[in-house]
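# Architecture at a glance
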Amino acid sequence: MAIEGIDTARCNGCGACVLSCPADVIRMDKDAKKTVVRYPQDCVVCCWCIAECEQDAIVLTPIRTAPLFTAWG
Amino acid sequence: MEQGSSTAGLGFPEGAWIKADRAGGNGGPAPNEYRLEADVLVIGGGIAGCFAAIKASEQGARVILVDKGYAGKSGQTPYARNFMAFNPAWGHNLDDWMAYINKTSEYVNNRYWTEITIRESYARYLDLVAWGVRFQTGEDGQPIRHPVPPGITDALRFDETSGGDYAQILRKQVLRSGVRVLDRIMIAELLKQDGAVVGAVGFPLDRYDLYVFIAKATILCVGACGFKPAAYPPIVQLTCDGEAMAYRAGAEILGKEFVDTHSTRMDTPVGIPNMLGRGRNVPEHLKVLMGPGRGKPETNAEGNPIPDRPAGASLYTYTYLEREFEAHAGRAPIYTPTPEGKKEVVGGACLGMSLRKADGLWPADTHCASSLPGLYAAGDALGNMQNGAVYALAGSAIAGGAVTGTIAGVAAARQALRMGKLAVGEREIARAKQAVHAPASRSGGFSPRWVTQLLQNTMMPYFVSYIKRADRLQAALSLVMFMQQHLVPRLFARDAHELRLAHETRNMVLSAEMRLRSALFRTESRGNHYREDYPRRDDPNWLAWVKIREEQGEMRLIKVPIPTEWWPDLSIPYEQRYPFRFPGE
Ligand SMILES: Cc1cc2nc3c(=O)[nH]c(=O)nc-3n(C[C@H](O)[C@H](O)[C@H](O)COP(=O)(O)OP(=O)(O)OC[C@H]3O[C@@H](n4cnc5c(N)ncnc54)[C@H](O)[C@@H]3O)c2cc1C
Ligand code: SF4
Ligand code: SF4
């Protein structure tokens, strides 16, 4: 389970999700005045962004996926 | 944007972050450098940092507060609900509260700090009320007191339905006090001069820039220390940065052997229901994450209830080790009853965290000063052992943050205001900058995400961090030392986001070494520290704390005896002194 994306049709670029994300997953794209999911692999599904977003623009799946554990990285 | 605050020094949301962090580093142009001066630098903006900043500012000091996240929306502070408050007018008796804690702590609480936290909690409650924080009140207008545990101590509860998020009210008060707030900057190295701490160096999360803070006094309020456990999102940012940089600078650290043993539901990790439940409409497809809660009794794989603590030992049985004992006996999984049937409960939710207020900087005096001049600590970053080996005083974590934040803020400001102008040598600044930027200047190496995973996998098993024994601790330690010697020096960051991950990883690995060495050193069992090979408390030898400091590049462990006047009466039989029996005693 993790953040999947931002519904750009809904996002108004308020930035609340960027500021509250403790894992720095979401960033602001100045030109587009929208947020983008920049580091989805670091999402810890804390749901801060969901709680902050008044536009319901965050797409987050409740289905859990585990990252691969590898011999080197 | 509130006045006086800024996001990494740039206005938000104008900062073109997504573009900016592609420049610089890895052979690119040198990072921009910003220098800021303050009387008092507060690192971390949870309840401890906010109180420290406000109180230092009230003394007349120029204060900068810097946070890795967005102060008011980061750390654990926004999650807390219960605030312990002691008020004789409500019939509270200090001796009763102390007697309860002294016993539940298994006699290794620092009674000075336990008492000061209790005594000053009500004054801090009044501060919060004055700043606009609302608490639940009854029809008589008085705050509703929640007796936890019944008949012993009381906690008050924030009223977020009418009052708004208390952590954000705190942030507003910080700004009203004239404190300059810088968000989204990770502090990674302390500055030292003539044996004293004179500030710190950090970087914004989204660009290869460096921030040099020159300060007459620095207060670490960076919260607890964890290894980013997936089952406890509230501590993902709290990666032992404070104690690691303080240790590297020569400060003493305490309490790494007393593990926090929060467990959680497999399907809804801690904190998610709290976060989603903050009043907004939860999207339908995410309601499943709210979960049906937890109940009692929990049962093991054989369907038998897992043993609970004897009455009076503590209400907070979940911070003990019962589930780990069951797992070790081969009786996992553990289930909790819920309205939707039984659900699995897992351990290790707070991997890397010590019992609240056990670990952190050793308080060298009664003013939250560390063993290094110029450096103070407060809140979860201060190892003041207010709860000893077991957390049994509900609401004392945030109350303790408010109390120690106040003490540290006043003391740091007074120290700073007595000092003349500070000039910090360029060589020291250059050293710190180099250390901070190092992972970004390497052309290759190991990814911090991978090393973090290795660390989690080494430390997570119940038979390493919770049910301890010398041979297993040694085995884990040899792996952790390999990480420290061979992987950490080659951590590699491709952008500012990964620079953060690299420093976090470096700090967590160091903290894991502290945790394992302290656990090996304490050859007894007590509270949340269980040694299978030493399953009894050993009062004659271990009414003591374990302190750590660096000496000639080695981690040295020091036993600090507890004042004898704080000892339990050793003529009372062991079984009465300690109502709980460890397996194998
Ligand atoms: C779900 C949950 C429920 C809880 N309930 C209660 C309760 O009811 N009662 C109670 O008393 N306690 C409770 N607690 C515990 C309590 O919240 C914490 O003990 C307390 O908030 C700690 O405050 P603090 O200011 O020390 O640290 P935190 O609030 O954790 O703040 C630390 C800050 O430091 C910043 N930081 C970290 N590293 C760096 C760095 N390198 N550079 C810059 N900044 C940094 C972080 O971003 C963060 O903002 C709860 C905790 C959780 C998670
Ligand atoms: S909080 Fe919602 S509306 Fe605001 S920037 Fe984030 S996704 Fe867009
Ligand atoms: S769920 Fe949490 S970690 Fe994931 S993107 Fe949202 S705020 Fe960030």
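Structure first, text after, so check above.
Calculation criteria
One numbering rule holds for all chains: residues counted from 1, following each sequence as written. Numbering of ligands from 1 and lettering of chains from A proceed in the order in which they are written. Local features are withheld for residues below a pLDDT of 70 in this predicted model, meaning they are given only at 70 or higher, and side-chain atom pairs are given and counted only at 80 or more; totals for whole chains, interfaces and linings count all residues. Hydrogen atoms and water are omitted, and side-chain values are computed over all heavy atoms in the structure. By the criteria applied, helices consist of DSSP H or I runs no shorter than four residues and strands consist of E runs no shorter than two, each listed in order from the N terminus. Throughout, a disulfide means two cysteine sulfur atoms within 2.5 Å of one another. Ring pairs are drawn from Phe, Tyr and Trp, using the six-membered ring of Trp, whenever the two centres fall within 6.5 Å, and their geometry is named by plane angle: stacked under 30 degrees, edge-to-face over 60, tilted for the rest. Exposure is judged per residue with a 1.4 Å probe applied to protein chains only, and the accessible area is read against the type maximum: over 50% gives exposed, under 20% gives buried, and values in between give partly exposed. If even one non-hydrogen atom of a residue comes within 4 Å of a molecule or strand, that residue is called near it. The term polar contact refers here to a pair of N or O atoms within 3.5 Å; inside protein, the definition further demands a hydrogen-donor-capable atom paired with an acceptor-capable atom, and it admits residues adjacent in sequence only when both atoms are side-chain atoms. Note on residue categories: nonpolar means Ala, Val, Leu, Ile, Met, Phe, Trp, Tyr, Cys or Pro, charged means Asp, Glu, Lys or Arg, and polar means any other residue, Gly included. The rule for a salt bridge is simple: a side-chain nitrogen of Lys or Arg has to be within 4 Å of a carboxyl oxygen of Asp or Glu. As used in this record, nonpolar core signifies buried Ala, Val, Leu, Ile, Met, Phe, Trp, Tyr and Cys residues forming a set joined through side-chain atoms within 4.5 Å. Here the rule is simple: two strands pair whenever DSSP picks up at least two bridges between them. Whether two residues are in contact is decided by their heavy atoms, any of which lying within 4.5 Å being enough. The term buried area denotes the loss of accessible surface (1.4 Å probe radius) that occurs when two parts are joined, taken as the sum for both partners.

### What to know about unusual backbone geometry
All names here are of chain B. Between K296 and P297 the backbone carries a cis peptide bond, its omega angle lying at 0°. Counting through the fold element by element, P297 comes out in the loop between α8 (272-276) and α9 (322-328). The linkage connecting A332 with the following residue, P333, adopts the cis geometry, with an omega of 0°. Residue placement: P333 occurs in the loop between α9 and β13 (334-336).

### Focus: the state of the cysteines
Residue and element names in this part refer to chain B. The full count for this structure, using the stated rule, is one disulfide over all chains. A disulfide bridge connects C225 with C240, and the sulfur atoms are separated by 2.1 Å. When the S-S torsion is 70°, as for the bridge of C225 with C240, the disulfide is right-handed. You can see C225 sitting in the loop between β10 (209-220) and α7 (241-249) and its partner C240 sitting in the loop between β10 and α7, a full 15 residues away along the chain.

### Section: the packing of aromatic side chains
All names here are of chain B. For the structure on display, the rule yields 22 aromatic pairs over all chains. Each ring, one from Y34 and one from Y211, has its centre 4.9 Å from the other, and the planes form 25°; the classification is stacked. Residue Y34 is located in strand β2 (residues 32-43), and its partner Y211 is located in strand β10; the two are separated by 177 residues in the primary sequence. The exposure class assigned to Y211 is buried, which follows from its relative accessible area of 2%. Between F158 and Y166, the aromatic rings sit 3.8 Å apart at their centres with planes inclined by 10°, giving stacked as the arrangement.

### Some words on the site of ligand 1
Residue and element names in this part refer to chain B. In the vicinity of ligand 1, 37 residues are found, and the nearest of them are D67, S74, T77, N82 and I398. Separating an oxygen atom of ligand 1 from a backbone N or O atom of R81 is a distance of 3.1 Å. With respect to ligand 1, the backbone of G395 contributes an N or O atom lying 3.2 Å from an oxygen atom. Every element with two or more residues in the shell around ligand 1 is listed here: α2 (47-58), β8 (185-193) and α10 (396-418). Of the residues assigned to the shell around ligand 1, the class counts are 16 nonpolar, 15 polar and six charged.

### Observations concerning the pattern of salt bridges
All names here are of chain B. In total, this model carries 55 salt bridges over all chains according to the counting rule given. In this structure, D380 engages R356 in a salt bridge whose closest nitrogen and oxygen atoms are separated by 3.9 Å. Taken together, the residues span a long stretch of sequence, with D380 in the loop between β16 (375-377) and α10 and R356 in the loop between β14 (343-346) and β15 (360-361) at a distance of 24 residues. For R356, a relative accessible area of 13% puts it in the buried group.

### Overview of the nonpolar core
All names here are of chain B. Of all hydrophobic cores here, the largest spans 97 residues; its most connected members are V40, F83 and F213. Top contributing element to this core by residue count: α10, with ten residues. If you look at the next biggest cluster of nonpolar residues, it comprises 34 residues, including F325, V451, L455 and F582.

### Quick look at the sheet that holds β14 of chain B
Residues and elements named next belong to chain B. The sheet built from three strands is open, its strands ordered β12-β14-β13 with antiparallel pairing. Each of the sheet's edge strands pairs with one partner strand only, and the pair in question is β12 (264-265) and β13. Where β12 and β14 come together, two bridges link them in antiparallel fashion. Within β14, the position partnered with R265 by the bridge is V345.

### Considering the interface of chain A and chain B
Contacts between the two partners involve 41 residues from chain A and, on the opposite side, 46 residues from chain B. Between chain A and chain B, a total of about 3,800 Å² is buried, with carbon and sulfur atoms accounting for 58% of that surface. Counting the contacts that link chain A with chain B gives three salt bridges. By residue number, the principal contributor to the side of chain A that touches chain B is helix α2 (residues 48-52) of chain A, which donates four residues. Grouping the constituent residues of the side of chain A that touches chain B by class yields 24 nonpolar, six polar and eleven charged.

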